[in-house]
Structure formats: structure tokens, C-alpha cells
Amino acid sequence: MSATQLDPEWLASLLASAERPPLRPRVPLLWQQSVIGSVEADYFDSIMPSGSSVVPELLQQEQGEGGLQWRVQGDITASLARIARALFDARVGHVVNYWRNEQLAVCDEQGRQLGTVERGVVRPLGIASHAVHLVGRSVDGCYWVQQRSFDKASDPGLWDTLMGGMVSATDDVESALERETWEEAGLRLHDLHDVQRGGRVDLRKPILDDGSGYVVEQTDWYHCTVPDGVLPVNQDGEVEQFLLLDRASLIGKLQRNEFTTEAALILVAALRRG
């Protein structure tokens, strides 16, 4: 097989890794009549400190048509904020490590925003998140990629697209693309050429911290040409280095599983576009 072609077996494995069931059974998390996430059935009982008032006040365990479920009580944003703080105070490892004081949108199954929640609890609560990535190519067709810093909470040291970041509750995709491109790569969109939407990838997989969280993420990706003489420079300390790779070198790193799952999915789609 040519070094510039993707191995079908590796590709099948990548696609399978992006759609994996939870490690343990999960039950729906609802607010009013909307499913907003999922948790393990005993998650709240097992981690809240003894005597905590959060569970009886803000969370109701009940029997639904499909079985056991948890329902958030009261105002969705205020209640989720108190739940998030209780998880943080209980020193739940994932929540503490991923806490960012950043609010992400909480949506119903049709994608309508109902409220917001601290970023650090979206995985334990199985709340869907939204991200944006940018694939950057040089004028001669090589690919700019970044290595994630070794002290990042998620996927430290793995390789990524030129830019990848979350869409916050106050963002739309375009504003997140502009902000994150500057913070991660020190690039302004108006200095890049032919910035266009490439497509969307979806992830549904367990996280590896302790297995109790579940990633449900939709990522919109864009592509552009980085002009000659324009170099990415990280601004927020979250990137170890940038590299410019030709097609064969990129495919080699992909197939050695050196990239995050979402970056690999996006770059495969970009490679197929040519």
C-alpha cells in the first residue's frame, strides 16, 4: 500500500472508536420533559458527601417509561451550577481536573438551548457539547498540525488539527472559530485564505479517567490555506509545538494513532477531499 493511502483496517478501527457504548449502564438525565444527558444510576448517591442536600433538593430519582431516570429540579442553569459545585467540592477527579469556569450550552434533543452548565461536568453528566476545528494547509498542500501540551487534562501530548476548541454558551460556531484560532495558533481569520466549512464529525464514547463519564460531542470543522510566511504561534500555553507535514507524513502519524480521535476523523475527511 502506498504511503499516501489510508489503510482500510486502520480506518475501520478509527470509525469504530468514535462510536462506542458506555463502559457501564447509564440512565437518562432530564429537565422538565427534555433529556439533557445521562448518568450511571447510582452516580449522585455514590459521590455526594454524606448529608448533602443537593440530591433531594435538586435531583429526583424516578421510574420512567424506559426504567430508572434522574430529573433536575428548578431552574436548569441555577440547579446545574449547584450540582457542579457539589461535585467539585466532593473532589470528583474529572470535575476538578476539567473545571474551567466556562459555561457550555445545555440543549434538548432537537438542539434548542435550555440553559448552561460548567464545562467540567459535561462528561460525567453525559451532556452534549459542541466543538470547532480548523484544518490549515500551506500553499503547497502540506498540513499544519499542533501537539497538545503535556499538562492538558485531556489527551496530553497527542496531535491535533491546527486548532480545536469548544463552542461556549455565549458563542456561535463562527465566533468560537475566530477566538480559538487566535488563542491556540495566534492567527486571525482575515489573514488566512479560503476559510470554508468542511463538515461535521460526531463522537460518542466513554472517557478514560474512571469510566463514569461519557462524551457526546458534535464538531464542526473548517479548512483554510495558511499563506507563505504566516506561522502559527500559540497564545494560551496549551500547545507544545506546531509542525507542517506532507501527506505521507501526516498519514504515518495518523496510523500510528498519534492524534486525538476527533482530529483523526477530521483529517481523514480533509485528506479525502484532496
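Check the entry above for the structure.
Read on for a plain summary of the structure. (Residues numbered from 1 in each chain as written. Predicted model: local features only at pLDDT ≥ 70, side-chain atom pairs only at ≥ 80, totals over all residues. Heavy atoms only, no water.)

1. Overview of the overall build of the protein
Definition in use: Helix and strand definitions follow DSSP, with helices as H or I runs of at least four residues and strands as E runs of at least two, each counted in order from the N terminus. Put simply, the radius of gyration uses C-alpha atoms, and a globule should come to 2.2 Å times the residue count raised to 0.38. For every residue, the accessible area (1.4 Å probe, protein chains only) is compared with the maximum for its type, and the residue is labelled buried under 20%, exposed over 50%, or partly exposed between those bounds.
From N to C terminus, the protein includes eight helices and 13 strands. For the protein, the C-alpha radius of gyration of 20 Å lies close to 19 Å, the compact-globule estimate for 274 residues. Projected onto its principal axes, the C-alpha positions of the protein cover 60 × 40 × 35 Å. Looking at the protein as a whole, 52% of its 274 residues qualify as buried.

2. Some points on the side chain of Lys-253
Heads up, the rule is: For the purposes of these results, a polar contact is taken to be a pair of N or O atoms within 3.5 Å, where, inside protein, one atom must be able to donate a hydrogen and its partner to accept one; residues adjacent in sequence count only when each atom of the pair is a side-chain atom. We call two residues contacting when some pair of their heavy atoms lies within 4.5 Å.
Checked against the element boundaries, Lys-253 lands in helix 7 (residues 247-255). Judged by relative accessible area, Lys-253 falls into the buried class, the value being 10%. Separated by 2.6 Å, the side chains of Lys-253 and Glu-258 make a polar contact. What Lys-253 contacts, discounting residues up to four positions off in sequence, is Trp-159, Leu-245, Glu-258 and Phe-259.

3. Comments concerning the packing of helix 1 (residues 8-17) against helix 8 (residues 261-273)
As a reminder of what qualifies: Angles shown run from 0 to 180 degrees and are taken between the N-to-C directions of axes, each axis being a line fitted to C-alpha atoms and, for helices, limited to the stretch in contact. Every angle not falling under 35 degrees, over 145, or within 65 to 115 is termed oblique; those three ranges are roughly parallel, roughly antiparallel and roughly perpendicular. Crossing handedness is defined as follows: a turn of the near helix away from the far one that is anticlockwise and smaller than a right angle gives a left-handed crossing, while the clockwise case is right-handed. Three categories are distinguished: nonpolar for Ala, Val, Leu, Ile, Met, Phe, Trp, Tyr, Cys and Pro, charged for Asp, Glu, Lys and Arg, and polar for the others, with Gly belonging to the last.
Between helix 1 and helix 8, the least distance of the axes is 10 Å, while the angle of their chain directions is 130 degrees. For the element pair helix 1 / helix 8, the angle class is oblique. As helix 1 runs across helix 8, the sense of the crossing is left-handed. In this structure, helix 1 contributes Trp-10, Leu-11, Leu-14, Leu-15 and Ser-17 to the contact, and helix 8 contributes Thr-261, Ala-264, Leu-265, Val-268 and Arg-272. Classifying every residue of the contact of helix 1 with helix 8 gives seven nonpolar, two polar and one charged.

4. Here we look at helix 6 (residues 173-185)
Let me state the cut-off plainly: Expected helix span is given by 1.5 Å per residue-to-residue step, counting one fewer step than there are residues. For this quantity, the arc is that covered by the directions from the helix axis to the C-beta atoms.
Helix length check: helix 6 (13 residues) gives 17 Å between terminal C-alpha atoms against 18 Å at 1.5 Å per residue, within 8%. Among all positions of helix 6, only Val-173, Ala-176, Leu-177, Glu-180, Thr-181, Glu-184 and Ala-185 are buried. All buried residues of helix 6 project into a common sector of 125 degrees when viewed along the axis, lining one side. The secondary structure elements touched by the buried residues of helix 6 are strand 7 (129-138), strand 8 (143-148), strand 10 (163-166), strand 11 (193-206), strand 12 (214-226) and strand 13 (239-245). Just beyond helix 6, the residue with positive phi is Gly-186, at close to 65 degrees.

Geometry only, nothing functional implied.
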